[in-house]
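Remarks on the overall topology
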Amino acid sequence: MANREQIGEQICVARKALNKTQKQIAEQTRIHKSTLSLIENGRCLPLFSR
């Protein structure tokens, strides 16, 4: 199972592959930009809900 740092790195790589900024992704996903930064830096995990 991937740890927080690995998950954050994967999210960051995917975002960059899309040529998107954190701000753009935050607006599209309704996740605050600072939260996205924390996730990408491995300081917290994203929460998933249905």
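Below, the structure is looked at part by part.

What counts and what doesn't
- Residues numbered from 1 in each chain as written.
- Predicted model: local features only at pLDDT ≥ 70, side-chain atom pairs only at ≥ 80, totals over all residues.
- Heavy atoms only, no water.
- Disulfide = S-S within 2.5 Å.
- Buried < 20%, exposed > 50% of the residue type's maximum accessible area, 1.4 Å probe, protein only.
- Helix = DSSP H or I, 4+ residues; strand = E, 2+ residues; numbered from the N terminus.
- Arc of directions from axis to C-beta.
- Contact = heavy atoms within 4.5 Å.

Take the state of the cysteines next. Applying the stated rule across the entire model yields 0 disulfides. Between cysteine 12, a cysteine without a disulfide, and cysteine 44, which holds the nearest cysteine sulfur, the sulfur-to-sulfur distance is 14 Å. Here cysteine 12 falls in the buried class, since its relative accessible area comes to 11%.

Turning our eyes to something else, we now look at helix α2 (residues 22-29). All of the buried residues in α2 are Gln22, Ile25 and Ala26. Projection of α2 onto a plane perpendicular to its axis shows the buried side chains occupying an angular sector of 100 degrees, all on one side. Of the exposed residues in α2, those oriented more than 90 degrees away from the buried face are Lys23, Glu27 and Gln28. Buried residues along α2 sit against α1 (4-17) and α3 (33-40).

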